[in-house]
Amino acid sequence: MRIAVTIFRIKKRGALIFTQNKIKNHSPLEPKLLNQTCDPQQFEFQTTADLEDLTEIIGQVRAMEAVRFGSGIRHDGYNLFVLGPSGLGKRSLVRQLLEKKAGDEAGPADWCYINNFSVPHQPKALRLPHGSGEELRLRMEKLVNYLRGAVPALFESDEYRIKAKAIHEAFNERQEHAIRELRQDAEKQEITLLRTPDGFVFSPTRNDEVMPPDEYEKLSQAEKERIVAVIGELQERLEKILSHLPQWRRERSEQIRQLNRESMLSTVEHMFSEFRDDYADLPEVLKYFDAVQKDMVEHVDNFRKQEESVNISGMTVATHQSFNSYQVNVLVTNNKKSGAAIISEDNPTYSNLVGRVEHISQFGALVTDFTLIKPGALHRANGGYLLLDVRKVLMQPFAWEGLKRALQSREIHIESLGQMYSMVNTVSIDPEPIPLDIKIILFGDRLFYYLLQEHDPAFNELFKVAADFEEHIERNAETHLLYARLIATLTRKDALLPYDRNAVARVIEYSARLVSDGEKLSMHMHSITDLLREADYCARQADHDVVASSDVQQAIDAQIGRQDRVRDQLYEAILRDTLMIDSQGAVTGQVNGLAVIKLGNFFFSQPIRITATSRLGKGEFVNIEREVKLSGASHSKGVLILSAFLAARYAKNQPLALSATLAFEQSYGIVDGDSASLAELCALLSNLAGVPIKQSLAVTGSVNQLGQAQAIGAVNEKIEGFFDICTARGLTGDQGVLIPAANVKHLMLRQDVVAAAETGQFHIYAVENVDQAIALLTDLTAGEADANNKYPEGSLNQKVVFRLKELVNISKSFAQEPGKNNKEEKGSH
């Protein structure tokens, strides 16, 4: 038979080119095409210890250029979103670049919160030069500690006592002078002024002694009236004097307070004069010193009486003055290192981003002040760079909105969620917002980026720079050497054993297998690093001084062995015929398909029986999986394409008078993807032509309406899955897998598969269309239509056409019989 065959030749870069020839047999792929090996002889080094560290970043030119642009441009909205799946080393590479850049930038300012003495519930934000916040806090703390000891001593000094005593004596003299004058005037009228526990009392006298009551009763009425009148006048004068006493006391207290203020001022003024000299170029700090000095002078008694007693519910509780109002709450200080800050927040809750105001419990009530204001990541990264995982931000309630609000307003406003949404009425404070100058770098999958672009109007305005990281790079001799240097760098970083060049070559092959492409290398650094560490462990267990290729292979096998329990159980079910899969013989309308199962990061293939049946109908194609809602959209699309192909090829000028049913036998889960559509089409053609399909072959591939085989994913896993079943049952030399020709460049098969192909025990066939596939499966040429749309006699396509015409004729006969019966009925009447 003569069918189209795919022959391969190698390009200079290792890519594969397909050329069409007409030969008698469709040969399997050459073994060298099944695994694009890395030749260790291309390396001049013996071990990675001979290589220099990799200083440049390989394969991420576009992404790193975007990071440089985004971190360098200083305009609103030019924050970065770093795209790509986890494990590429995005965060490490971006941080490495930022650290080089941030070291040359000016250090950010320190930010503090200080007491607002005029409006205490609105603390003021104070900006200080880089690294000076802690110095100011310590100075104020030392000042307060000094005054707590110095002020009480000041008021115990002889100088203060003399001045205070003079004020008291002056008050007493003024009071006594007024009383003395009144007493003298009273004595002139034989009246005396007596001081009793209840106050002052006037009483008549005789011979300078108080007149007894009985003698007073003996006085004449006129004399009594005189005494009463005199006492009444004196009483008025006394009341007037007494009414002045509170004022005199206030004047005395004010004089004492003024003395205290003057004494306190003389103590603190010379302390602050030194402070003012040191902060002369910071007007806001000078204003703060003035406010503190004024408040200290006004509240000097707090320093004199540092302990008070408070009665609460019958209990006497001693309280101590905290002097919190004079503290400096250093929110952010950068005195430990120079350059712009680079902060990474792993738990980006709302309060961890924008800060919070904490409360403490005092006597059953929650209280707070400006010293309990705590910074968020935006504060710590202000003037620098903040690195966030977008998924974590979006998962935290209100965190995304809080971040956007800060970026839009360009200031950080600390406000509790309870206060913002009026959920609590606890007395709190309203700190002054802090100006925000920051670069936000979000890390996340591409899905998050495009969803935010689509659904969040503010996103495009705030994150104008996208840095999209590549998942793989081109594979060639140059990148092989760069990859070797990368391996050397990673081994030295983690203190691993050096790798010999054979081991390096095996890691490069593993990298190509990760991306399922013989012409690419993976940039998934986590997977590569894990393999290097595990191979190092295997080498040390074997007492090797250098990691060899066998150690790398052992680590790869161990990774698979830790995850293949489910695969082994499925394969056992196939080998015990619980799951029915044939690997020999031939059956009409039945083909071995290849399904891929993903469990976490572990992929494996399970052979699955696909069957097709057909009967007289009206062109219906029943996808059993879809009917029971076990078919995904892609799989359903593939089945619909089959019906379009059959109609276009075989029923251009006639109806498609069949009803076909397709099923994945013993499949009880969701089936998705169109990679089985080629196998489904072959099973259906086999059923229509009545030609059996060899069960020693499995098929994978997508097909379009023109019958062309299209590339699919996980081609290596699919081939190895069927190979494992065949090997367990015994290789016969007839077994193999059909794959689309477009997938040949993706082949990175295991060495045991390649070895079986070399000995002719297992075969991989590359097909370009359904005709090549069905010819291989049936050993019957598909046949090509001539100018009259006729297929060669005995070809498979000719058999399909014959069967479809047969169904059409049957359909017509059924359509004519009802009419014939009607005529017979009319004649009888």
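1. Some thoughts on the sheet that holds strand E21 (residues 465-468)
- The sheet built from five strands is open, its strands ordered E12-E17-E20-E3-E21 with parallel pairing. Only two strands of the sheet have a single partner each, and these edge strands are strand E12 (342-344) and E21. For this sheet, the mean angle separating the axes of adjacent strands, direction not counted, is 20°.
- Pairing between strand E3 (residues 80-83) and strand E20 (residues 439-444): four bridges, direction parallel. Residue pairing across strands places Phe-81 opposite Leu-442, the latter belonging to E20.

2. Details of the pattern of salt bridges
- As enumerated under the stated definition, the model contains 41 salt bridges in all.
- With a shortest N-O distance of 3.4 Å, Glu-99 and Arg-95 are connected by a salt bridge. Within this pair, Glu-99 and its partner Arg-95 are both found in helix H2 (residues 90-102), separated by four residues, close to a single helical turn.
- We note a salt bridge from Arg-261 to Glu-254, for which the minimum N-O separation is 2.7 Å.
- Linked by salt bridges that have partners in common, Arg-513, Glu-717, Glu-720, Asp-724, Arg-750 and Asp-752 make up one network.

3. Comments concerning the sheet that holds strand E11 (residues 329-332)
- Taken in spatial order, the three strands line up as E5-E4-E11 in an open sheet, and their pairing is antiparallel. Taken across any chain shown, the strands that pair with only one partner, and hence form the sheet edges, are strand E5 (124-128) and E11. Neighbour to neighbour, the strand axes of the sheet diverge by 35° on average, direction disregarded.
- Across five bridges, strand E4 (residues 110-114) lies against E5 in antiparallel orientation. By the bridge assignment, Asp-110 is partnered in E5 with Leu-128.

4. Some remarks on the side chain of Arg-649
- When you line up the elements, Arg-649 lands in helix H22 (residues 633-650).
- A polar contact is formed between the side chain of Arg-649 and the side chain of Asp-771, at a distance of 2.8 Å.
- Once residues lying within four places of it in the same chain are set aside, the contact partners of Arg-649 are Asp-771, Tyr-791 and Asn-797.

5. So, a nonpolar patch on the surface
- On the surface, Leu-194, Val-201 and Val-210 cluster together into a nonpolar patch covering about 210 Å² of accessible area.
- The residue Val-201 is located in strand E7 (residues 199-206) in this model.

6. Comments concerning the confidence of the model for the chain
- Across the chain, the average pLDDT comes to 86, with 92% of residues at or above 70.
- Throughout residues 1-24 the model reports pLDDT below 50, and contacts reaching past four residues in sequence, or to other chains, amount to 69 contacts.
- Low pLDDT (under 50) marks residues 823-829, which in the prediction has zero contacts with non-local residues, meaning those over four places away or in another chain.

7. Comments concerning the packing of aromatic side chains
- Using the criterion set out here, one finds 21 aromatic pairs in the structure.
- Summarising the aromatic geometry, the rings of Phe-303 and Tyr-326 are spaced 6.1 Å apart at their centres and angled 15° between planes, so their arrangement reads as stacked. With Phe-303 in helix H8 (residues 301-304) and Tyr-326 in the loop between strand E10 (315-320) and E11, this pair connects stretches of sequence that are 23 residues apart. Of the two residues, Phe-303 and Tyr-326, neither departs from the other in class, the shared state being buried.
- Between Trp-400 and Phe-463, the aromatic rings sit 6.1 Å apart at their centres with planes inclined by 20°, giving stacked as the arrangement. Of the two residues, Trp-400 sits in helix H12 (residues 399-409) while Phe-463 sits in the loop between helix H15 (459-462) and E21, which places them 63 residues apart along the sequence.
- Ring pairing ties together the aromatic residues Phe-81, Trp-400, Tyr-449, Tyr-450, Phe-459 and Phe-463, which thus form one cluster.
- Note that Arg-91 overlies the ring of Phe-443, its terminal NZ or CZ placed 4.7 Å from the centroid.

8. Considerations on a negative patch on the surface
- Together, Glu-187, Glu-190, Asp-208 and Glu-209 give the surface a local cluster of negative charge.
- Along the chain, the position of Asp-208 falls in the loop between E7 and strand E8 (209-210).
- Relative accessible area serves as the criterion here: at 78%, Asp-208 is assigned to the exposed category.

9. Focus on the pairing of E20
- Across the six residues of E20, six count as buried, placing the element largely inside the fold.
- Of the two faces of E20, both are covered, the one formed by Lys-439, Ile-441 and Phe-443 as well as the one formed by Ile-440, Leu-442 and Gly-444.
- Pairing analysis gives five bridges linking strand E17 (residues 385-389) to E20, with the strands arranged parallel. From the neighbouring strand, Tyr-385 faces E20, where its bridge partner is Lys-439.

10. Topic: the nonpolar core
- Membership of the largest hydrophobic core comes to 59 residues, with the highest contact counts inside it found for Ile-441, Tyr-483, Tyr-499 and Val-552.
- Apart from the residues lying within four places of it in its own chain, the contact partners of Tyr-483 are Ile-58, Ile-508, Ser-511, Leu-521, Ser-522, Met-525 and Ile-528.
- Counting 51 residues, the second largest nonpolar core, distinct from the first, contains Phe-664, Val-767, Ile-774 and Leu-777.

11. A short note on H22
- The end-to-end C-alpha separation of H22 is 26 Å, in line with the 26 Å expected for 18 residues at 1.5 Å each.
- Of all the positions in H22, only His-635, Ser-636, Gly-638, Val-639, Ile-641, Leu-642, Ser-643, Phe-645, Leu-646, Arg-649 and Tyr-650 are classed as buried.

12. Notes on the packing of helix H24 (residues 715-729) against helix H25 (residues 751-758)
- One way to put it is that H24 packs onto H25 with a least axis distance of 10 Å and a crossing angle of 70°. On the basis of the axis angle, H24 is roughly perpendicular to H25. Pair H24 / H25 crosses with left-handed handedness. Residues Ile-719, Glu-720 and Phe-723 of H24 touch H25, and the partners they reach there are Asp-752, Val-753 and Ala-756.
- Residue classes in the contact of H24 with H25 are distributed as four nonpolar, no polar and two charged.

13. Quick look at the pairing of strand E6 (residues 191-196)
- As paired strands, E6 and E7 are joined by six bridges and run antiparallel to one another. Bridged to Thr-196 within E7 is Gly-199.
- Counted between consecutive antiparallel strands, the loop separating E6 from E7 contains two residues.

14. A closer look at the environment of Val-367
- Residue position: Val-367 is located in strand E15 (residues 365-367).
- Separated by 61 residues in the primary sequence, Val-367 and Ser-428 place their C-alpha atoms 7.6 Å from one another.
- Beyond its immediate sequence surroundings of up to four residues, Val-367 is in contact with Glu-358, His-359, Ile-360, Gln-362 and Leu-372.

Cut-offs and rules
Residues numbered from 1 in each chain as written. Predicted model: local features only at pLDDT ≥ 70, side-chain atom pairs only at ≥ 80, totals over all residues. Heavy atoms only, no water. Pairing = 2+ DSSP bridges. Helix = DSSP H or I, 4+ residues; strand = E, 2+ residues; numbered from the N terminus. Axes fitted to C-alpha atoms, helices over the stretch in contact; angles between N-to-C directions. Salt bridge = Lys/Arg side-chain N within 4 Å of Asp/Glu carboxyl O. Polar contact = N/O pair within 3.5 Å; in protein donor to acceptor, adjacent residues only side chain to side chain. Contact = heavy atoms within 4.5 Å. Patch = residues over 30% accessible without salt bridge, like charges linked within 9 Å, V, L, I, M, F, W, Y side chains within 5 Å. Areas by Shrake-Rupley, 256 points an atom, 1.4 Å probe, with all protein chains shown as cover. pLDDT = per-residue confidence, 0-100. Phe/Tyr/Trp six-rings, centres within 6.5 Å; stacked < 30°, edge-to-face > 60°. Buried < 20%, exposed > 50% of the residue type's maximum accessible area, 1.4 Å probe, protein only. Lys NZ or Arg CZ within 6 Å of the ring centre and 35° of its normal. Lys, Arg positive; Asp, Glu negative; His and termini not counted. Charge placed at Lys NZ, Arg CZ, Asp CG, Glu CD. Core = buried A, V, L, I, M, F, W, Y, C linked by side-chain atoms within 4.5 Å. Expected span 1.5 Å × (residues − 1). Parallel < 35°, antiparallel > 145°, perpendicular 65-115°, else oblique. Left-handed = near helix turned anticlockwise from the far one by under 90°. Nonpolar A, V, L, I, M, F, W, Y, C, P; charged D, E, K, R; others polar.

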